[in-house]
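Residue strings, one per chain:
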Amino acid sequence: MRIAVAGGYGVGMTMRVPSLPRPGETVSGGVLSSGPGGKGSNQAIGMARLGAGVDLLTAIGPDAAGADAVALWDAEGVGHASVKTGTAPTMTGFILVDSAGENSIAIAPGALDELTLDDARAFAPVIADADLLVVSMEIPAPFATELVSLARAKGVRTLLNPAPAGSVPAALWRGVDILTPNRGEAATLLGRDLEPAHLAEALAAESGALVVLTLGGDGVIVHDGSTATAVTAPAPPTIVDTTGAGDSFTAALAVALCAGLDPVAAARWAAAAGSHAVAYREVIPALPRLGDLPPLPDRNTQDR
């Protein structure tokens, strides 16, 4: 199994606060920590931990954070030969996490904004050898669109995690095979909010994609264009930090689909990965390994 991943890498500066500040409010009593992040890198590490061969395309700066990224990918078994070293600083994200584990995030893209169409085209041989291309949206939209176009030309399946949703042009999300928004991202893509089942149905109709709509603790809705199926998320033992849940889910979903599971069984296994992640602080420690999850169902015996 080989997965090509394109998305962000950055440093996450996390502050845990008693409550998230309202506009104009200062909240004291925070505790600061920092660590690696970025949706593309997180997802690639999550896939590698779950047994996939992974090749990552992102951009880092000529700085200590970029050097730390390379060391991390080496330690986690993520292929990074295609990663670009730009001239701007490595992306940095500022994350506020409240006492209930909810978070707010602000991002300075830095080197990610230097990714070009030529960088995407240089990744084409890696895409051609992959079973799946996974793209998230911390990278420039034209760059992401070119990658999806290259994958389609090679007959490689594409999965788009449309986060942050505001940067996703319709021409991109309507041209992928698998679309994995959360409820807020789905509403942004459609330009209107609906009940979850109707969101999934509308997205499937407008995109032509398999829609896997994540609803946090309320589970997942899988819509294949004709049928919607609700998947229940297993309850975590405790909720400590929700920051890594989405990336953990996406990583596990990609691995399960590449292993041949049908979408509902894949979403069920991915939901277990997301529930595992919220019990841990910060993203990298939260990403599960195979031993942390129920056994991956056999493709011939999976419960449909």
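One structure accompanies this document, and this report is about it.

Basis of the calculations
Residues numbered from 1 in each chain as written. Predicted model: local features only at pLDDT ≥ 70, side-chain atom pairs only at ≥ 80, totals over all residues. Heavy atoms only, no water. Helix = DSSP H or I, 4+ residues; strand = E, 2+ residues; numbered from the N terminus. Rg over C-alpha atoms; globule rule 2.2 N^0.38 Å. Buried < 20%, exposed > 50% of the residue type's maximum accessible area, 1.4 Å probe, protein only. Contact = heavy atoms within 4.5 Å. Areas by Shrake-Rupley, 256 points an atom, 1.4 Å probe, with all protein chains shown as cover. Lys, Arg positive; Asp, Glu negative; His and termini not counted. Charge placed at Lys NZ, Arg CZ, Asp CG, Glu CD. Polar contact = N/O pair within 3.5 Å; in protein donor to acceptor, adjacent residues only side chain to side chain. Axes fitted to C-alpha atoms, helices over the stretch in contact; angles between N-to-C directions. Left-handed = near helix turned anticlockwise from the far one by under 90°. Nonpolar A, V, L, I, M, F, W, Y, C, P; charged D, E, K, R; others polar. Pairing = 2+ DSSP bridges.

**Details of the overall build of the protein chain**
Consideration 1: Secondary structure summary: the protein chain contains 11 helices and 14 strands in total.
Consideration 2: In terms of C-alpha radius of gyration, the protein chain reaches 18 Å, essentially the compact-globule figure of 19 Å for 304 residues.
Consideration 3: With respect to the principal axes defined by its C-alpha atoms, the protein chain has extents near 50 × 40 × 40 Å.
Consideration 4: Counting only residues that meet the buried cut, the protein chain has 54% of its 304 residues in that class.
Consideration 5: Of the contacts formed within the protein chain by residues at least 6 apart in sequence, a portion of 68% connects residues at least 24 apart.
Consideration 6: Total accessible area on the protein chain is roughly 12,500 Å²; 53% of this is exposed by carbon and sulfur atoms.
Consideration 7: Each charge sign in the protein chain was given a centre, from 18 positive and 31 negative side chains, and these centres are 3 Å apart.

**Thoughts on the side chain of His223**
Consideration 1: Structurally, His223 is set in strand β13 (residues 220–223).
Consideration 2: At 3.0 Å, the side chain of His223 and the backbone nitrogen of Gly225 are in polar contact.
Consideration 3: Residues contacting His223, with those up to four places away along its chain left out, are Ala200, Glu201, Ala204, Ala209, Leu210, Val211 and Ala228.

**As for the packing of helix α9 (residues 245–258) against helix α10 (residues 263–277)**
Consideration 1: Between α9 and α10, whose axes approach to 7 Å, the crossing angle comes to 150°. The element α9 and its partner α10 pack so that their crossing is right-handed. Packed against α9, whose contacting residues are Ala245, Ser248, Phe249, Ala252, Leu253, Val255, Ala256 and Leu257, the element α10 presents Pro263, Ala266, Ala267, Trp269, Ala270, Ala271, Ala273, Gly274 and Ala277 at the interface.
Consideration 2: Grouping the constituent residues of the contact of α9 with α10 by class yields 15 nonpolar, 2 polar and no charged.

**Considerations on the side chain of Glu146**
Consideration 1: Its place among the elements puts Glu146 in helix α5 (residues 141–154).
Consideration 2: Residues contacting Glu146, with those up to four places away along its chain left out, are Leu117, Ala120 and Arg121.

**Details of the sheet that holds strand β12 (residues 210–214)**
Consideration 1: The strand order β4-β1-β9-β10-β11-β12-β13-β14 describes an open sheet built from 8 strands, whose pairing is mixed. Looking along the sheet, the strands with just one partner apiece sit at the ends: β4 (53–57) and β14 (228–231).
Consideration 2: Packing of helix α8 (residues 196–207) onto the sheet brings it into contact with β11 (178–179), β12 and β13, and relative to β12 it is tilted by some 150°.

**Some remarks on the sheet that holds strand β7 (residues 91–97)**
Consideration 1: What the 4 strands build is an open sheet, ordered β3-β2-β7-β8; its pairing is mixed. Looking at the sheet topology across the chains shown, the edges are occupied by β3 (31–37) and β8 (103–108). Across this sheet, the average inter-strand angle for adjacent strands is 20°, counted without regard to direction.
Consideration 2: Here 6 bridges tie β7 to β8, and the two strands are oriented antiparallel to one another. Counted as the bridge partner of Phe94 is Ala106 from β8.

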